[in-house]
Amino acid sequence: MFMNKLIPFLFLSSFLFSACNRYYYKPTGINDPLFTDGGQVHAAFSGSSQEDNNDRSYFTDLQLGYSPINHLGLLGSYSTYAYRPYDKTVTPANAYIAEGAAGVYGAFGGNKAKMVIDLYAGGGGGSMNSDVNMNLRKLFIQPGIGIRSKVFDAVANLRFSNIKYSDFDPRGKDSSYLYEHHLVDTISGKSIDKGSYTFYEPGITVRVGYKFVKAQFQAAFALPVSLVSWHYNGLRFTVGLHFNLEDALAMGKATKPRNNED
């Protein structure tokens, strides 16, 4: 009942604060491999694009996960954003962020399906080259609960992220431009890199396929907890593929022909 009310609210909130044009933050994809045992290796690649008034934005996520021993997970992600305006006189934008995390998980259930509860914490950094240039530092904590089976996975995450900008370069923009885009606060006179910002970033991921390869559909949201006056995008929806490499190796060993004994 709670999730039925929460999901429409998240979509509405995201679109109210989102647009395809230029913005200074967008949630990264959520990396949750749903490990069930040690020795598992997962990888995913996904992306999407948006169009608004002939302006286009592109997003990609590369996600890796490794569980060296049972109950321990290690994550790595690389996310990109590109903005291509229709008006060639408008400055395009490019951004990237690399993230790493470590955490614990527990898996419960039988052979057909398992429930997974996990908790990861990590951080990362990147940069944005746009109408202004700046670097980004991010810290996050990411609890999750999901179901994993041979043909279907689903996981819900409740991520909290704290971001901070540095090395702010206005690229020659005058004060009126910076105030208009809230890159400098009209009251305090402080630029965007003089504070830190916290976002509540829930996400839903669904995977459908068979054993080691599944189609992945993910929606990640960003709702500000602290005051954010500058423009951000509150939704990241991507489609891609998710691979369970341990299942692929197991299938390869099972189908490998045996040598005939003399």
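Residues numbered from 1 in each chain as written. Predicted model: local features only at pLDDT ≥ 70, side-chain atom pairs only at ≥ 80, totals over all residues. Heavy atoms only, no water.

1. Comments concerning the overall build of the protein
Looking only at helices and strands, the protein has three helices and 11 strands in total. Across the 262 residues that make up the protein, the buried fraction comes to 42%. Contacts spanning at least 24 positions in sequence make up 67% of the contacts within the protein whose residues lie at least 6 apart. (Helix = DSSP H or I, 4+ residues; strand = E, 2+ residues; numbered from the N terminus. Buried < 20%, exposed > 50% of the residue type's maximum accessible area, 1.4 Å probe, protein only. Contact = heavy atoms within 4.5 Å.)

2. What to know about the pairing of strand β7 (residues 152-169)
Pairing of strand β6 (residues 133-149) with β7, which is carried by 13 bridges, proceeds in the antiparallel orientation. For L136, the partnering residue across the bridge sits in β7 and is Y165. Joining the antiparallel neighbours β6 and β7 is a turn of two residues. Where β7 and strand β8 (residues 196-210) come together, 13 bridges link them in antiparallel fashion. Residue pairing in the sheet places N157 in a bridge with G203 of β8. (Pairing = 2+ DSSP bridges.)

3. Some points on the packing of aromatic side chains
In this structure the tally under the stated criterion is 10 aromatic pairs. Ring centres of F35 and Y105 lie 5.8 Å apart, and the angle between their planes is 45°; this geometry places the pair in the tilted category. Here the residue F35 occupies a position in the loop between α1 (2-16) and β1 (40-52), and Y105 occupies one in strand β4 (residues 93-109), the gap between them amounting to 70 residues. Per residue, the accessibility class of F35 equals that of Y105, and both read buried. On the basis of an interplanar angle of 70° and a centroid distance of 5.4 Å, the ring pair of F199 and Y232 is categorised as edge-to-face. (Phe/Tyr/Trp six-rings, centres within 6.5 Å; stacked < 30°, edge-to-face > 60°.)

4. Looking at the nonpolar core
Ranked by size, the top nonpolar core spans 26 residues in total, and within it Y165, F199 and W230 carry the most contacts. For this core, the secondary-structure elements that each account for two or more residues are β3 (72-84), β4, β6, β7 and β8. Those residues in contact with Y165 that sit more than four places away from it in its chain are Y24, Y25, M134, N135, L136, I192, D193, Y197 and W230. By size, the runner-up hydrophobic cluster in this structure holds six residues, among which are F35, A101, Y105 and Y120. (Core = buried A, V, L, I, M, F, W, Y, C linked by side-chain atoms within 4.5 Å.)

5. Some words on a nonpolar patch on the surface
Residues F45, L62, L64, Y78 and Y96 make up a contiguous nonpolar surface patch of about 480 Å² in total accessible area. Looking at where Y78 falls in the secondary structure, it is placed in strand β3. (Patch = residues over 30% accessible without salt bridge, like charges linked within 9 Å, V, L, I, M, F, W, Y side chains within 5 Å. Areas by Shrake-Rupley, 256 points an atom, 1.4 Å probe, with all protein chains shown as cover. Salt bridge = Lys/Arg side-chain N within 4 Å of Asp/Glu carboxyl O.)

6. Remarks on the pairing of strand β5 (residues 113-129)
Note that β4 and β5 share 16 bridges and pair antiparallel. By the bridge assignment, G106 is partnered in β5 with I117. Here β4 hands over to β5 after three residues, the two strands then running antiparallel side by side. The pairing of β5 with β6 spans 17 bridges and is antiparallel. Bridging from a neighbouring strand, K114 pairs with R148 of β6. Connecting β5 to the next strand, β6, in antiparallel fashion are three residues.

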